[in-house]
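Here is how the chains run, residue by residue.
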Amino acid sequence: IERQNVEAESVHQVRYEPTSNAAYAVGTLVPRNMQTAMTKALAALSARVGNIDEYVASKLGYTVDQVNGTQENPGFFSAEQMDALALAIDNVESGAGFIIGDQTGVGKGRVVAGVLRYALLAGRVPVFVTKDPGLYGDMVRDLRDIGMADAHTRIFVSNNDLRGTDAVPLSDEDGDALSSLSNL
């Protein structure tokens, strides 16, 4: 895949070159002092698991075209998100954690949605905790955007004050809201 990252490099940041071949790349910068470590981590992962796109697609129960996109249909994830998902899933399977520290707009929520889907398919119980109740709605929308239309039916909201007009709207449709009682 030929993509061009037009972000302006600086003394401290360089263009990120994704390992994934997803059709869409956000076009991001990474700290110059982290670029080599990131490249080596993705190369080591590729050496262990093979093609990163195939690895993530299989772990999430999708085809490569579904996750990466085609000329006709956008994929569920950008190239940067696919790289992050590959590293995150590998870490989880190794008993480690994963921290996402991307800038605004790169798609941290979409990566978390992918990890939540992975956990469900792997028979685990994912837990999403947030200080801001509105982020529950963002997460449900991200889950829906990656093909999990029934995501709202599988969420137990721990906030007991999200009822009635305080329920978290999920779309413009009447009644499409997440509330403390929506899963009871």
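Only a predicted model underlies this, so the values are computations on that prediction, with no experimental measurement involved.

> Teacher, can you tell me more about the overall build of the protein chain here?
Scanning the protein chain for helices and strands turns up six helices and four strands. Residue burial in the protein chain is summarised as follows: out of 184 residues, 36% are buried. Across the protein chain, the fraction of contacts at a sequence separation of at least 24, relative to all contacts at a separation of at least 6, is 51%. With an accessible surface of roughly 10,700 Å², the protein chain has 51% of that area assigned to carbon and sulfur atoms.

> Help me understand the pattern of salt bridges, please; the structure alone is not making it clear to me.
When the charged atoms of two side chains lie near each other, side chains of opposite charge can form a pair. By the definition in use, this model includes six salt bridges. Linking Glu9 and Arg15 is a salt bridge whose minimum nitrogen-to-oxygen distance equals 3.6 Å. Under the relative-accessibility criterion, Glu9 is labelled partly exposed at 40%. Note that Arg110 is salt-bridged to Asp145, the shortest N-O span being 3.2 Å. Here Arg110, found in helix H5 (residues 108–121), pairs with Asp145, found in helix H6 (residues 134–145); they are 35 residues apart in sequence, far enough to count as distant. What you see here is one network of salt bridges that share partners, running through Arg110, Asp142 and Asp145.

> Explanation requested: the nonpolar core in the structure shown.
Taken as a class, soluble globular proteins show a tendency for nonpolar side chains to be buried jointly. One finds Val56, Leu60, Tyr62, Phe77, Leu143 and Ile146 to be the most contacted residues of the largest nonpolar core, which totals 30 residues. With six residues, the top contributor of residues to this core is helix H4 (residues 79–93). Non-local contacts of Ile146, meaning those with residues more than four positions away in its chain, are made with Tyr62, Phe76, Phe77, Arg110, Ala113, Gly114 and Arg117.

> Would you explain a nonpolar patch on the surface in this entry?
Residues Val125, Val127 and Val129 make up a contiguous nonpolar surface patch of roughly 360 Å² in combined accessible area. Structurally, the position occupied by Val127 is in the loop between H5 and H6.

> Quick question: what am I supposed to make of the packing of helix H2 (residues 52–60) against H4 here?
Angle between the axes and distance between the axes: these two values describe a pair of packed helices. Here H2 crosses H4 at 60°, and the two axes come no closer than 9 Å. As far as their axial angle goes, H4 and H2 are oblique. Handedness of the H2/H4 crossing: left-handed. Facing Ile52, Asp53, Tyr55, Val56, Lys59 and Leu60 of H2, the residues of H4 in contact are Met82, Asp83, Leu85, Ala86, Ile89, Asp90 and Glu93.

> Please clarify how the packing of aromatic side chains should be interpreted in this entry.
In this description, an aromatic ring pair is defined by two values, namely the gap between the centres and the angle between the planes. Taken as a whole and judged by the stated rule, the model has one aromatic pair. Taken together, a centroid distance of 4.8 Å and an interplanar angle of 55° make the contact between Tyr62 and Phe76 tilted. With Tyr62 in the loop between H2 and helix H3 (64–68) and Phe76 in the loop between H3 and H4, this residue pair connects regions lying 14 residues apart in the sequence. Taken individually, Tyr62 and Phe76 each receive the classification buried, so the pair is uniform in this respect.

> Can you walk me through the side chain of Arg117 in this structure?
Relative to the helices and strands, Arg117 resides in helix H5. Here Leu60 takes part through its backbone oxygen, which lies 2.6 Å from a polar atom of the side chain of Arg117.

> What am I meant to see in H6 here?
For an α-helix, 3.6 residues make a turn, and residues three or four places apart therefore share a direction. Here H6 is 12 residues long and its end C-alpha atoms lie 17 Å apart, about the 16 Å a rise of 1.5 Å per residue gives. Of the residues making up H6, those classed as buried are Tyr136, Gly137, Met139, Val140, Asp142 and Leu143. In the segment just after H6, Gly147 is the residue with positive phi, at about 95°.

> Just to check I follow, could you spell out helix H1 (residues 32–49) for this structure?
Its 18 residues place the ends of H1 26 Å apart at the C-alpha level, agreeing with the 26 Å of an ideal helix rising 1.5 Å per residue. Where H1 ends, the next residue or the one after it, Gly50, has phi of about 90°, a positive value.

About the criteria used
- Residues numbered from 1 in each chain as written.
- Predicted model: local features only at pLDDT ≥ 70, side-chain atom pairs only at ≥ 80, totals over all residues.
- Heavy atoms only, no water.
- Helix = DSSP H or I, 4+ residues; strand = E, 2+ residues; numbered from the N terminus.
- Buried < 20%, exposed > 50% of the residue type's maximum accessible area, 1.4 Å probe, protein only.
- Contact = heavy atoms within 4.5 Å.
- Areas by Shrake-Rupley, 256 points an atom, 1.4 Å probe, with all protein chains shown as cover.
- Salt bridge = Lys/Arg side-chain N within 4 Å of Asp/Glu carboxyl O.
- Core = buried A, V, L, I, M, F, W, Y, C linked by side-chain atoms within 4.5 Å.
- Patch = residues over 30% accessible without salt bridge, like charges linked within 9 Å, V, L, I, M, F, W, Y side chains within 5 Å.
- Axes fitted to C-alpha atoms, helices over the stretch in contact; angles between N-to-C directions.
- Parallel < 35°, antiparallel > 145°, perpendicular 65-115°, else oblique.
- Left-handed = near helix turned anticlockwise from the far one by under 90°.
- Phe/Tyr/Trp six-rings, centres within 6.5 Å; stacked < 30°, edge-to-face > 60°.
- Polar contact = N/O pair within 3.5 Å; in protein donor to acceptor, adjacent residues only side chain to side chain.
- Expected span 1.5 Å × (residues − 1).

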